[in-house]
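# Architecture at a glance
This is what each chain is made of:
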Amino acid sequence: MVWNRRHILSLADFTTDEYDAVLQTAASFQEVLNRRMKKVPTLQGQVVANLFFEASTRTRNSFELAAKRLSADTLNFAPGTSSLTKGETILDTAKTYLAMGTDMMVIRHQQAGVPMAIAQEMDRLGAKVSVLNAGDGQHEHPSQALLDLFTICTVLEPKSPHLELLAGKKIAIVGDILHSRVARSNIWSLTAIGAELHLAGPPTLLPLLFAECGNGRPGKLFLHWEVTPALQDADFVMTLRLQKERMGQNLLPSLREYHQLFGITRDRLKLCKPDVKILHPGPVNRGVEISSDLMDDPQLSLISQQVTSGVAVRMALLYLMGGGKVNP
Ligand code: NCD
């Protein structure tokens, strides 16, 4: 397979081949990261700019480390100390990075559509720059969903993660689906093959409209306004943070009640398959969407593994967008 996607802005139109290309390539880079010498010269001389207009710990550092492991030069942008404070527009900021010879822009913004607007402007200018969406408002977070997919597939088949492994699996996503770009990207990846994806949350945070995302997808999508049917016999449970920064008021009676009704606890996990695993994109609000002890249980929790996988997956994305061959 030849990779010919210049920008990664959404997973809505990702093909099975593209998912497998990312999974296979990430598996190769995971091997590199397990070596003593964790660096390869693949992107030597290329410039990767991290343009994060919104707060981030995992995603920003993960992209930076991925770029460094591939020997690229990295530029980091912090809105508070940039010329944005002097009135420069986002597009002019992007063009400034372009003029410095940036090859790839990794963009996070609190407003949906900003990475796409920058990608379109770069295309209009005829610039050979790749734009990667690292989370735009409530829209999408493709690299997070790809690292979630890689984590799930490596649990199922450590040596050869591939999309087909999801077939027949039951995966639950529980929590604030409405405000979650992670959920939106995961809906595309986890319905890309014959799996069952169950979304669960309070009606205010899981509007019926989400059911339409399942139309025409190879996998099946179910919505639940209580947690039990979603967890019943689940193979994987992903829990999400309540995105208070994006919420209006009056969506929830209280955090305590939310935990009582939708919190993932040891007791509730008894509903799932005996070897169930838990995922969370982080950051976690301990004791709200998940009980604190579960989060730290290495038998159940894949949360640290997700962070580790994130570097290999982002190396794969930068490498493929930089013209690398699938599975180096
Ligand atoms: C998520 C995000 O920023 O969308 N975190 C992440 O990137 N790992 C989820 C969140 O903020 O809750």
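Since this is a predicted model, take the numbers as computed values, not measurements. (Residues numbered from 1 in each chain as written. Predicted model: local features only at pLDDT ≥ 70, side-chain atom pairs only at ≥ 80, totals over all residues. Heavy atoms only, no water.)

## Here we look at the site of the ligand
Rules: Here a residue is considered near a molecule or strand provided that any single heavy atom belonging to it is located within 4 Å of it. What qualifies as a polar contact is a pair of N or O atoms within 3.5 Å, subject to a donor-acceptor requirement within protein and to the restriction that residues adjacent in sequence count only when both atoms come from side chains. Only the protein chains shown count as cover for residues, with accessible areas throughout obtained via the Shrake-Rupley method and a probe of 1.4 Å.
Taken together, Thr59, Arg108, His141, Gln144, Arg181, Val182, Arg241, Gln243, Pro281, Gly282 and Pro283 are the residues near the ligand. Contacts to the ligand include Gln144, whose side-chain N or O atom sits 3.2 Å from a nitrogen atom. Here a nitrogen atom of the ligand and a backbone polar atom of Gly282 are 2.8 Å apart. For the ligand, whose accessible area on its own is 320 Å², the fraction buried by protein is 94%.

## Examining the domain arrangement of the protein chain
This is how it is decided: Residue ranges for the domains originate in an automatic or database domain assignment. Whether two residues are in contact is decided by their heavy atoms, any of which lying within 4.5 Å being enough. By buried area we mean how much accessible surface two parts lose on assembly, using a 1.4 Å probe and totalling the loss over both.
Split by domain assignment, the protein chain resolves into domain 1 (16–141 + 308–321) and domain 2 (142–306). Computed from C-alpha coordinates alone, the two centres of domain 1 and domain 2 are separated by 25 Å. Taken together, the contacts link 28 residues of domain 1 with 31 residues of domain 2. Carbon and sulfur atoms make up 59% of the area that domain 1 and domain 2 hide from each other, which totals about 2400 Å². Broken down residue by residue, the surface that domain 1 buries against domain 2 is led by Tyr19, Gln138 and His141, which jointly contribute 31%.

## A short note on the environment of Gln232
The test is simple: Secondary structure counts use DSSP, requiring at least four H or I residues in a row for a helix and at least two E residues in a row for a strand, with both numbered from the N terminus.
As for its position among the elements, Gln232 is in the loop between α7 (228–231) and β8 (236–239). Considered as a pair, Gln232 and Leu51 are 181 residues apart in the sequence and their alpha carbons are 41 Å apart. Once residues within four sequence positions are removed from consideration, Gln232 is found in contact with Lys170 and Leu271.

## Digging into the side chain of Ser309
Within the element layout of this structure, Ser309 appears in helix α11 (residues 303–321). Among residues more than four places away in sequence, those in contact with Ser309 are Gln30, Leu147, Phe150 and Thr151.

## Focus on the packing of helix α1 (residues 16–34) against α11
We count it as follows: A fitted line through C-alpha atoms represents every axis, and for helices the fit uses only the stretch in contact; the resulting angles, taken between N-to-C directions, go from 0 to 180 degrees. In these notes the angle categories are as follows: under 35 degrees is roughly parallel, over 145 is roughly antiparallel, 65 to 115 is roughly perpendicular, and the rest is oblique. By the definition used in this description, the sense in which the near helix is turned from the far one sets the handedness, with an anticlockwise turn below a right angle giving left-handed and a clockwise turn giving right-handed. Residues are sorted three ways: Asp, Glu, Lys and Arg are charged, Ala, Val, Leu, Ile, Met, Phe, Trp, Tyr, Cys and Pro are nonpolar, and all the rest, Gly among them, are polar.
It is the contact of α1 with α11, at a shortest axis distance of 8 Å, that shows an interaxial angle of 120°. In terms of orientation, α1 and α11 fall into the oblique class. In this structure, the crossing between α1 and α11 has a hand that is right-handed. Residues Ala21, Val22, Thr25, Ala26, Phe29, Gln30 and Leu33 of α1 lie in contact with α11, whose contacting residues are Thr308, Ser309, Val311, Ala312, Val313, Met315, Ala316, Leu317, Tyr319 and Leu320. For the contact of α1 with α11, the residue count by class is 13 nonpolar, 4 polar and no charged.

## Considerations on the sheet that holds strand β2 (residues 73–77)
We apply this condition: If DSSP finds at least two bridges between two strands, the strands pair.
A sheet is described by the order of its strands in space; here 4 strands give the open sequence β2-β1-β3-β4, paired in parallel fashion. This sheet does not close on itself; its edge strands, each paired only once, are β2 and β4 (130–136). Each neighbouring strand pair of the sheet contributes to a mean axis angle of 15°, computed without reference to strand direction. In the sheet, strand β1 (residues 47–52) pairs with strand β3 (residues 104–109) via 5 bridges, with the strands oriented parallel. What sits directly across from Phe52, in β3, is Arg108.

## A few points about the nonpolar core
Heads up, the condition is: Among buried residues, those of type Ala, Val, Leu, Ile, Met, Phe, Trp, Tyr and Cys that are joined through side-chain atoms within 4.5 Å constitute a nonpolar core. For every residue, the accessible area obtained with a 1.4 Å probe (protein chains only) is divided by the maximum for its type, and the residue is called buried under 20%, exposed over 50%, and partly exposed between those limits.
Counting 68 residues, the largest nonpolar core has Tyr19, Phe29, Leu166, Leu199 and Leu318 as its most contacted members. Counting residues per element, this core draws most heavily on α11, at 10 residues. Shared between two domains, this core takes at least three residues from each, and those domains are domain 1 (16–141 + 308–321) and domain 2 (142–306). Core analysis: the second largest hydrophobic core is formed by 25 residues, Ala172, Val174, Ala234 and Ile264 among them.

## Quick word on the pattern of salt bridges
Condition: One speaks of a salt bridge when a side-chain nitrogen belonging to Lys or Arg is within 4 Å of a carboxyl oxygen belonging to Asp or Glu.
If you walk through the whole model with that rule in mind, you get 16 salt bridges. Taking the shortest distance from any N to any O, the salt bridge between Arg5 and Asp13 comes out at 3.2 Å. Arg124 is paired through a salt bridge with Glu121; the nearest N and O atoms lie 2.8 Å apart. Note that Arg124 and Glu121 are positioned in helix α4 (residues 114–124) at a spacing of 3 residues, about one turn of the helix. Relative accessible area serves as the criterion here: at 60%, Arg124 is assigned to the exposed category. In the salt-bridge network here, residues are joined through shared partners; they are Glu54, Arg108, Arg181 and Arg246.

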